[in-house]
Amino acid sequence: MIGDDVKPATYREVFAVSAFRVLFGSYVLLLIGDTVRMLALAVLVYERTGSPALSALAFVAGFVPQAFGGALLLSLTDRLPVRTAMAGYDLIRCALALVLAVDVLPVWAVLVLLASVGLVSPVAGAARQRTLPELLHGDAYVLGRSVFGVTAGAMQVLGYAVGGLLLALVGASGALLFAAGTALASAVLVRVGLAPGSRPAANPAEGAVRATWRVNRELLGDPVVRGLLLAQWIPANLAVAAEGVIVPYAPDHAGVLYGSGAAGMLLGNLLVGRFVRPAWRERLVPWLALQLGAPLVFFALGPPLWVTAALFVLSAAGLGYQLGLQRRFLAAVPAATTGQAMGLVNTGTMTLQGVSMAGAGALAGLLDPGQVITLIGVVTLAGTLAVLGVLRDSARRDVEQRRSAPTPRRAIAPDRLEPEHNGPARTGAGSADQARTDPGVTS
């Protein structure tokens, strides 16, 4: 049982684990490298074709296939050693950036290549997430997830700044070479910094696609897991639709509003993950989720720019609600399918974000953008109320289920990622002081 006297973990405790530092470093390199690559490729395609549509398509071509990868290949997450999955994906990204830097492929081939790499992206991202509960236990795991959420917002901003500077200094091809270098550095870091690990147990007669479909059905068929998935997906991915109409709403200040959303996400993860006690973090879940939609309703008043920016900060800060759900989610999924369950969260997030933002953009062609954002706020509040039972139950049911199985106040796993069969007990699967996955952060 989590008492009110349990204090949050500290960054010193989390970063004392060397394998976590490796995962964090590789994630920083991933975010900066991929942001630079997408920006440089969009510029390169536009310079070659003069088509804004093709440039935009090149920017997001790797996103959509992630939904198919999540539906077809996620079982590989729980079959491959983590180091193999992560380093292998880094090498694929390195090769992709090098091929793009040469600039010899026709645009259609570039798009196909991007889609192919996006297909395997969910496996590497889920492998990273599967590793965290083996390294960080208790509230330290929640803070570790928070660190990744904060890093996602900060590194995307830094990546665009670095990308813009590189484009000015060395052009698109030079920026793509930089992206290839970050991917190679990440592969070396993972290869050297993580222990080999063992191949997780799997049925050799069952193919990856069949296993993925089977486990996804089992996860979605479990009412507890399904409820927690919907609670993570619905409020967050309805609210993010507002970003799809920022440009038509404020074309001259879109950068400010996008930055406000990133700042809000960073602030929410930082405050909730580091400074809110574990028990209160779970009690605040429904209120933080409602915070996603409530500020957007005030766009009906046509507020000035500074108020608009503040509303985006306040709304995005509500994303911290997901930190209070993750202890239950990790405890609810079977230990053997942890990686796939975490990958399923990300796959659903990517898919729903794309659908909601596209829908908002289409609606902005019929209504005033401010009215669309207001409507998004109302729909987000309605969606949050629809899953309010799960959001409000985040503390009580978990305590009742495991009242007789107390765990230490906080624990840090061994300093390296050892083979799974020799590793520490997976307390994240059933102890009373556990943690979360990482929504909205892609690999």
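Source: prediction; values computed, not measured.

The rules we used
Residues numbered from 1 in each chain as written. Predicted model: local features only at pLDDT ≥ 70, side-chain atom pairs only at ≥ 80, totals over all residues. Heavy atoms only, no water. Helix = DSSP H or I, 4+ residues; strand = E, 2+ residues; numbered from the N terminus. Buried < 20%, exposed > 50% of the residue type's maximum accessible area, 1.4 Å probe, protein only. Contact = heavy atoms within 4.5 Å. Areas by Shrake-Rupley, 256 points an atom, 1.4 Å probe, with all protein chains shown as cover. Expected span 1.5 Å × (residues − 1). Core = buried A, V, L, I, M, F, W, Y, C linked by side-chain atoms within 4.5 Å. Axes fitted to C-alpha atoms, helices over the stretch in contact; angles between N-to-C directions. Parallel < 35°, antiparallel > 145°, perpendicular 65-115°, else oblique. Left-handed = near helix turned anticlockwise from the far one by under 90°. Nonpolar A, V, L, I, M, F, W, Y, C, P; charged D, E, K, R; others polar. pLDDT = per-residue confidence, 0-100. Phe/Tyr/Trp six-rings, centres within 6.5 Å; stacked < 30°, edge-to-face > 60°. Lys NZ or Arg CZ within 6 Å of the ring centre and 35° of its normal. Patch = residues over 30% accessible without salt bridge, like charges linked within 9 Å, V, L, I, M, F, W, Y side chains within 5 Å. Salt bridge = Lys/Arg side-chain N within 4 Å of Asp/Glu carboxyl O. Polar contact = N/O pair within 3.5 Å; in protein donor to acceptor, adjacent residues only side chain to side chain.

Let us now look at the overall build of the protein. Along the backbone of the protein there are 19 helices and 2 strands. Among the 443 residues that make up the protein, the fraction classed as buried is 54%. Here the analysis covers contacts within the protein between residues at least 6 apart in sequence; of these, 88% occur between residues at least 24 apart. Here the protein has roughly 17800 Å² of accessible surface; of this, 69% comes from carbon and sulfur atoms.

Between its first and last C-alpha, helix α11 (residues 254-275) extends 31 Å over 22 residues, near the 32 Å set by a 1.5 Å rise per residue. Where α11 is concerned, the buried positions are Ala254, Leu257, Ser260, Gly261, Gly264, Met265, Gly268, Asn269, Val272, Gly273 and Arg274.

For the rest of this paragraph, the subject is the nonpolar core. By size, the foremost hydrophobic cluster in this structure holds 53 residues, and its most contacted members are Phe20, Leu23, Leu41, Leu100, Leu114, Leu136 and Leu194. When contributions to this core are tallied by element, the ones reaching two or more residues are α2 (18-49), α5 (82-102), α6 (107-135) and α7 (139-193). When sequence neighbours within four positions are dropped, the list of residues in contact with Leu100 reads Arg37, Leu41, Leu44, Val110, Leu114 and Leu176. The next biggest cluster of nonpolar side chains, apart from the first, holds 28 residues, and it includes Leu228, Ala231, Leu292 and Leu325.

Assignment of secondary structure puts Thr384 in helix α17 (residues 369-386). Taking relative accessible area as the criterion, Thr384 reaches 0% and is therefore assigned buried. Separated by 153 residues in the primary sequence, Thr384 and Ala231 have C-alpha atoms spaced 7.8 Å apart.

A few words now on the packing of helix α13 (residues 285-297) against α17. The interhelical angle for the contact between α13 and α17, taken along N-to-C directions, is 155°, at an axis separation of 7 Å. With respect to their mutual orientation, α13 and α17 come out roughly antiparallel. Viewed along their axes, α13 and α17 form a crossing whose handedness is left-handed. Taking contact as the criterion, the partners of Ala289, Leu290, Leu292, Gly293, Ala294, Leu296 and Val297 in α13 are, on α17, Ile373, Thr374, Ile376, Gly377, Val378, Thr380, Leu381, Thr384 and Leu385. For the contact of α13 with α17, the class distribution of residues is 11 nonpolar, 5 polar and no charged.

Here we take up the packing of α2 against α7. Here α2 crosses α7 at 30°, and the two axes come no closer than 5 Å. Classified by the angle their axes make, α2 and α7 are roughly parallel. Tallied by class, the residues present in the contact of α2 with α7 amount to 32 nonpolar, 13 polar and 1 charged.

Here the focus is the confidence of the model for the protein. Detailed reading of the predicted coordinates is not advisable wherever pLDDT is low. Within the protein, residue pLDDT values average 81, and 84% of them lie at 70 or more. Within the protein, α13 carries the highest mean pLDDT (96), whereas strand β2 (residues 411-412) carries the lowest (40). Scored below 50 in pLDDT, residues 398-443 makes 146 contacts in the model with residues more than four places away or belonging to other chains.

Bringing the side chain of Ser75 into the picture now. Locating Ser75 in the fold gives a position in the loop between α4 (65-72) and α5. Apart from residues lying up to four places away in sequence, Ser75 is in contact with Ala208, Ala211, Thr212 and Gln340.

Our next topic: the packing of aromatic side chains. Summed over the entire model, instances satisfying the criterion amount to 6 aromatic pairs. Ring centres of Phe299 and Phe312 lie 5.3 Å apart, and the angle between their planes is 70°; on these two criteria the pair is classed as edge-to-face. Residue Phe299 is found in the loop between α13 and α14 (305-317), and its partner Phe312 is found in helix α14; the two are separated by 13 residues along the sequence. Per residue, the accessibility class of Phe299 equals that of Phe312, and both read buried. Grouping aromatic residues by their ring pairs yields a cluster made of Phe15, Phe20, Phe24, Tyr27 and Phe148. Here Arg145 stacks its cationic end above the ring of Phe148, 5.6 Å away from the centre of that ring. Stacked on the ring of Trp280, the Lys or Arg Arg283 has its end atom at 5.1 Å from the ring centre.

On to a nonpolar patch on the surface, then. Residues Phe63, Val64, Phe68, Leu72, Val209 and Trp213 make up a contiguous nonpolar surface patch of about 550 Å² in total accessible area. Residue assignment for the nonpolar patch shows that the elements contributing at least two residues are α4 and α8 (208-221). Positionally, Leu72 belongs in helix α4.

Along the chain, Arg327 falls in helix α15 (residues 326-332). Sequence-wise, Arg327 and Glu282 are 45 residues apart; in three dimensions their C-alpha atoms are separated by 9.2 Å. At 2.4 Å, the side chain of Arg327 forms a polar contact with the side chain of Glu282.

Within the structure shown, the criterion is met by 9 salt bridges. In this structure, the salt-bridge partner of Asp78 is Arg130, at a minimum N-O distance of 3.8 Å. Taken together, the residues span a long stretch of sequence, with Asp78 in the loop between α4 and α5 and Arg130 in helix α6 at a distance of 52 residues. Among the salt bridges present, the one from Glu134 reaches Arg130, with a minimum N-O distance of 3.6 Å. Remark: Arg130 and Glu134 occur in helix α6; sequence separation between them is 4 residues, near one turn of the helix. One salt-bridge network, held together by shared partners, links Asp34, Arg37, Asp90 and Arg93.

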